[in-house]
Structures are given as C-alpha cells and as structure tokens.
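# Observations on the model geometry
Single-letter residue listing:
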Amino acid sequence: MIIANLGEAVHERKERSMRIFINPGHALGGAPDPGCVNPALTLRECDLALTYGSLCGKYLEAAGLEVKLLQSHNLYGEAPGYPCVVDAANHWPADIFLSIHVNAGGGRGAETYCYDLQGAGGRLAACIQNQLVKTLSPFDAGYKDRGVKAHPSFCVLRNTTMPAVLVETGFIDSEDVNLLTRHGDDIARALARGVTDYANFLASA
C-alpha cells in the first residue's frame, strides 16, 4: 500500500463524510474478462459482483457515507482506454477501498484479503469478514469462515492509498451458489455493515 500523509487524511475526513470506493471485480459487461463462471447456471462473477456492489453502495449512502463505484478490468493501467480503478480511487480520494469478488475451485465460504494484517486494512477486512460469515452461515452451515489473509501482491491492495480489501464472497461452482444467487441482498448488507463497523471503530478511537 502507498502510504499517504495520515495526519492530513484524518483531518480532511473529519471535514466531510467518509468516502467509500466500491470496485466490483472484473470487466463491466464481462468483456474481455467476466471473472469466474458457472456455465451450467449461466452465472458470471462480474454480474454477481456488480449486483452486490450496487446494493452495498445504496446502503452505505443511506448511512450517510459517500460512494463511488467503478467496474473495470483496467486496475492499474494494464488496459488503456478503460477507466483505471486504482487511479480513480486515489484521485478522489477514497477513505476505504472495497473490491468485491466471487471465488471458484469448489470450496465453500468467504475470505477477505488485505495488504497487511496488522494495518488499518486488516481491521477493515476483519469487520467485513465477520459480517459476511455471521450473516450467511445461518442460511447454510456449510458456509465457511476462510479467514482474513494478507496478500500484498494484489494490485488493488498494493497501489491504493487508503485501507483496502478484496472480498471473495463465496464460490460460484459449489453449494455456495445458492447463497450467491438467493441472498445477494444479504451479502450486500453484510458488506455495508462491515464498512460501517469499521467507520464506527474509527469514530470511537
């Protein structure tokens, strides 16, 4: 993560609402990169992520936070001609970066990535992971808590200037698919509550 001047950032945030940048994973419309797919159910990660992100943004706005959403496969300049996700978040500037994804590989459950487990991103990731598991596991006991994990090589975690997380909400090719398709609103609400839990922590610190 690129570290900004923390004192200036905190002072500026106190003068305005917290800004949340939401990045539904992969390409808008699925071309050229739809992310993970489930051909049997005609499901694509890009579509699910956009649904969750759009709903999450509405709930965060209702809570008084500012939201911007951008879905693009140009994360850090690798696809010129498309909006650049990292640049848009940094230039706004956002206070929190939330990248929303769906996993594949036949596993179960949620996992949330951050740049550094001991940093602000680690606390944000823990808040979101906790809300996802607490919300979805009552619907399906097989939905696992796969934990919070550091992954500093992820582009959007390494190059953003604010606490950033990448959330894998579940597996598109396992029994998780029932949760992903039937409980999208619950997923969005859980993501939003995770963000507000983190915001409330900052406000009380």
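Residues numbered from 1 in each chain as written. Predicted model: local features only at pLDDT ≥ 70, side-chain atom pairs only at ≥ 80, totals over all residues. Heavy atoms only, no water.

## Details of the confidence of the model for the protein
We count it as follows: On a range of 0 to 100, pLDDT expresses the predictor's confidence in each residue. Residue contacts are counted whenever heavy atoms from the two residues lie within 4.5 Å of one another.
Here the protein shows a mean pLDDT of 94. Residues at 70 or above account for 93%. Below a pLDDT of 50 lies the segment residues 3–11, which in the model reaches one contact outside its immediate sequence neighbourhood of four places, other chains included.

## Brief notes about the packing of aromatic side chains
Note the following rule: A pair of aromatic rings is counted whenever rings of Phe, Tyr or Trp (Trp by its six-membered ring) have centres within 6.5 Å, and the orientation is called stacked for planes under 30 degrees apart, edge-to-face for over 60 and tilted otherwise. We count a stretch as a helix when DSSP gives it H or I for four or more residues in a row; a strand needs E for two or more, and each element gets its number in order from the N terminus. Under the scheme applied here, a residue whose accessible area is under 20% of the maximum for its type counts as buried, over 50% as exposed, and between as partly exposed, the area being computed with a 1.4 Å probe on protein chains only.
Taken as a whole and judged by the stated rule, the model has two aromatic pairs. Taking 5.7 Å as the distance between ring centres and 10° as the angle between the ring planes, the aromatic pair formed by Phe21 and Phe97 counts as stacked. Of this pair, Phe21 sits in strand 1 (residues 19–24) while Phe97 sits in strand 5 (residues 96–103), placing them 76 residues apart in sequence. Across this residue pair, the class does not change: Phe21 and Phe97 are buried. With 5.2 Å between their ring centres and 75° between their planes, Tyr113 and Phe154 make a pair best called edge-to-face. With Tyr113 in strand 6 (residues 110–114) and Phe154 in the loop between strand 7 (145–150) and helix 5 (155–158), this pair connects stretches of sequence that are 41 residues apart. Given the relative accessible area of 25%, Phe154 is considered partly exposed.

## A few points about helix 2 (residues 45–62)
Keep this limit in mind: Every helix has an expected span of 1.5 Å times one less than the residues it contains. Taking the helix axis as origin, the arc is that swept by the directions to the C-beta atoms.
Taking 1.5 Å as the rise per residue, helix 2 with 18 residues should run 26 Å; its terminal C-alpha atoms sit 26 Å apart, in good agreement. Listing the buried residues of helix 2 in full gives Glu45, Cys46, Leu48, Ala49, Tyr52, Gly53, Cys56, Gly57 and Leu60. The arc that holds the buried residues of helix 2, viewed along the axis, is 160°, so those residues lie on one side. Exposed side of helix 2, more than 90 degrees from the buried face: Lys58 and Ala62 are the residues found there. Phi turns positive, to about 95°, at Gly64, one or two residues after helix 2.

## Some details on the environment of Gly107
Counting through the fold element by element, Gly107 comes out in the loop between strand 5 and strand 6. Considered as a pair, Gly107 and Glu175 are 68 residues apart in the sequence and their alpha carbons are 8.6 Å apart. Leaving out residues up to four positions away in the same chain, Gly107 has contacts with Arg146, Phe171, Ser174 and Asp176.

## Side note on the sheet that holds strand 7
For the record, the criterion: Strand pairing is assigned whenever DSSP detects at least two bridges linking the two strands. Throughout, an axis means a line fitted to C-alpha atoms (over the contacting stretch in the case of helices), and angles, computed between N-to-C directions, take values from 0 to 180 degrees.
If you walk across this open sheet you meet the six strands as 4-1-5-8-6-7, and the pairing is mixed. Two strands bound the open sheet, and with one partner strand each, they are strand 4 (66–69) and strand 7. Neighbouring strand axes in the sheet, compared pairwise and without regard to direction, differ in orientation by 20° on average. Bridge count for strand 5 against strand 8 (residues 164–171) is six bridges, and the pairing is parallel. The partner of Leu98 across the bridge, within strand 8, is Val165. In the packing of helix 4 (residues 120–136) onto the sheet, contacts are made with strand 5, strand 6, strand 7 and strand 8, and the angle to strand 6 comes to roughly 170°.

## Thoughts on the pattern of salt bridges
Rule in force here: We define a salt bridge as a side-chain nitrogen of Lys or Arg found within 4 Å of a carboxyl oxygen belonging to Asp or Glu.
Going through the model one piece at a time under the given rule, you end up with nine salt bridges. Among the ionic pairs, Arg108 bridges to Asp140, the shortest N-O distance being 2.5 Å. In this pair, Arg108 is assigned in the loop between strand 5 and strand 6 and Asp140 in the loop between helix 4 and strand 7, connecting sequence segments 32 residues apart. Close ionic contact of Glu175 with Arg108 constitutes a salt bridge, the shortest N to O distance being 3.7 Å. Pair noted here: Glu175 is in the loop between strand 8 and helix 6 (176–182) and Arg108 is in the loop between strand 5 and strand 6, with a separation of 67 residues, a long-range link. Shared partners join several salt bridges into a network, and the residues in it are Arg108, Asp140, Glu175 and Asp176.

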